[in-house]
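Structural overview
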Amino acid sequence: MTTPATRALMDVLNGTDRQARFIGGCVRDAVLGRPIQDIDVATNQHPEVVIELAEAAGFRTIPTGLSHGTITVLVDGQPFEVTTLRLDVETDGRHARVAFTDDWQADAARRDFTMNAISMDTGGRLFDYFGGVPDARAGRVVFVGDPRTRLQEDRLRLFRFFRFHALYGDGHPDSAGLEACREEVSGISELSAERIRVELLKLLAADDPVPVWTDMVRMRVFEVLDLPVCGVDQLARFLVLEREYSVQFSKSRSLCRLAALAANGANAGTAQVLANRLRLSSAERDHLKHAFYVAMETPDSEASIRSLLYHCGVDTAVNGAMLVLSKSGNAGNHDLWRQLISTAETWVQPKFPLAGRDLLAVGLQPGPRMGEVLKQVENWWLVEAFRPDKDACLVEAVRLLEA
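As the structure is a prediction and not an experimental result, all values here were calculated from the model.

Calculation rules
- Residues numbered from 1 in each chain as written.
- Predicted model: local features only at pLDDT ≥ 70, side-chain atom pairs only at ≥ 80, totals over all residues.
- Heavy atoms only, no water.
- Helix = DSSP H or I, 4+ residues; strand = E, 2+ residues; numbered from the N terminus.
- Buried < 20%, exposed > 50% of the residue type's maximum accessible area, 1.4 Å probe, protein only.
- Contact = heavy atoms within 4.5 Å.
- Disulfide = S-S within 2.5 Å.
- Axes fitted to C-alpha atoms, helices over the stretch in contact; angles between N-to-C directions.
- Parallel < 35°, antiparallel > 145°, perpendicular 65-115°, else oblique.
- Nonpolar A, V, L, I, M, F, W, Y, C, P; charged D, E, K, R; others polar.
- Phe/Tyr/Trp six-rings, centres within 6.5 Å; stacked < 30°, edge-to-face > 60°.
- Pairing = 2+ DSSP bridges.

Quick word on the environment of alanine 321
Checked against the element boundaries, alanine 321 lands in helix 17 (residues 314–328). Residue alanine 321 is classed as buried on the basis of its relative accessible area of 0%. Separated by 24 residues in sequence, alanine 321 and glutamate 297 have C-alpha atoms that sit 9.3 Å apart. If we skip the residues at most four places from it in the chain, alanine 321 touches Val294, Trp337, Leu340 and Ile341.

This is the structure in structure tokens:
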């Protein structure tokens, strides 16, 4: 918030009749002493004025949400969201029609939680109209105003209530907010799958999402969404394994935890249902499918462990191993699964040294037979712990051709 790029933008947006403040997450995290991710700015100037001022200063502008008063301003390559103060004129639970205003408190009143309604000027002075500072410091996620009204304005706020409690809350969720969520839970069926996916994966990234996920199960959230997830006890054991092995999934910790929630009776069909319901990408869907596949395998040797890591990749293979261990909770009978997780810590994906052009060079014609030979040699190379080099693999290929 004090970098040269940030200061340059705030200097441009502030003036005799102009005022800009930091707003939302950056202020909340600054109050709590947490790392700040993105800088959001609110201003009493209309979007066209923001564009004019920014471009006159040599900054690039992108009208990312012009109808809602939001402009993205790029300063030295760093993006800032600058939004004009606004009022909700009409809401339907998914979208809002807004009008611009110069009333800072009215703009704060339309926000979701008190901790997100705090603003701050460049001198560090806080403007807290609804008690967001004490709520944030006490770990209370409290809706601004009437919780049911806030939920009816935007149904996604139900998921945000649980996500923010998982990330910032202390103790039990706010009782008034929890009751409002229970009363309004049927409304989440109106939301798009894409918006739900984003919130659920962010929630699952919390250090311990189990308590709020349990509340959501009790509230029938996943029944309303027709999502094949439950397995809260399994997720709890999954988190214990994460800590035990200091597992750091390189792709998506949230996706791996989602697999744990869906793992009871899970298969490729379950992965496809989740992909359809949450609009997962093809890569995310395949990760779930392969993790469930790994969990149904039974490694019986170091070679089978290498095979799973080689064919599925570290994240997917470890995810599958942890699904097995968390499902049973029996540490004594799964030495090979645990060995897989330990092996993955130093795993470097090997590259098969043989290619189709190498077989062409020894006279094999293109066709199905070439693919069969390559696969046979690759399996042999895998059993030999990836030690044979290209020449040795070619010798094995010739041997197969001559057999």
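Having seen it, we continue.
Description of the state of the cysteines
For the coordinates displayed, the defined rule picks out zero disulfides. As a non-bridged cysteine, cysteine 230 has cysteine 256 as the owner of its nearest cysteine sulfur, 18 Å distant. Using a relative accessible area of 40% as the deciding quantity, one classes cysteine 230 as partly exposed. Cysteine 312 forms no disulfide, and the closest cysteine sulfur to it belongs to cysteine 256, at a distance of 13 Å.

Some points on the packing of helix 16 (residues 302–312) against helix 20 (residues 368–383)
As a packed pair, helix 16 and helix 20 sit with axes 9 Å apart at the nearest point and diverge in direction by 125 degrees. By the angle between their axes, helix 16 is oblique relative to helix 20. For the pair helix 16 and helix 20, contact is made by Ala303, Arg306, Ser307, Tyr310 and His311 and by Lys375, Glu378, Trp381, Leu382 and Val383, respectively. Of the residues contributing to the contact of helix 16 with helix 20, the split by class is five nonpolar, two polar and three charged.

Quick notes on the packing of aromatic side chains
The tally for this structure, following the rule as stated, stands at 13 aromatic pairs. With a centroid separation of 6.5 Å and an interplanar angle of 65 degrees, the aromatic rings of tyrosine 129 and phenylalanine 130 are classed as edge-to-face. Given the relative accessible area of 29%, tyrosine 129 is considered partly exposed. Take phenylalanine 130: its relative accessible area is 29%, and that puts it in the partly exposed class. Each ring, one from tryptophan 347 and one from phenylalanine 386, has its centre 5.7 Å from the other, and the planes form 75 degrees; the classification is edge-to-face. Of this pair, tryptophan 347 sits in the loop between helix 18 (335–344) and helix 19 (356–361) while phenylalanine 386 sits in the loop between helix 20 and helix 21 (390–402), and the two are 39 residues apart along the sequence.

Remarks on the sheet that holds strand 5 (residues 78–84)
Ordered in space as 3-4-5-2-1-8-9, the seven strands form an open sheet in which the pairing is mixed. The outermost strands of the open sheet, each flanked by one partner alone, are strand 3 (60–65) and strand 9 (126–127). Here four bridges tie strand 3 to strand 4 (residues 70–75), and the two strands are oriented antiparallel to one another. Across the sheet, residue arginine 60 finds its bridge partner in strand 4, namely leucine 74. Against the sheet, helix 2 (residues 25–32) makes contact with strand 1 (20–23), strand 2 (40–43), strand 8 (119–120) and strand 9, and its axis sits at roughly 65 degrees relative to strand 1, the strand it touches most. Most of the contacts of helix 3 (residues 47–56) go to strand 4, to which it runs at about 10 degrees, and overall it touches strand 2, strand 3, strand 4 and strand 5.

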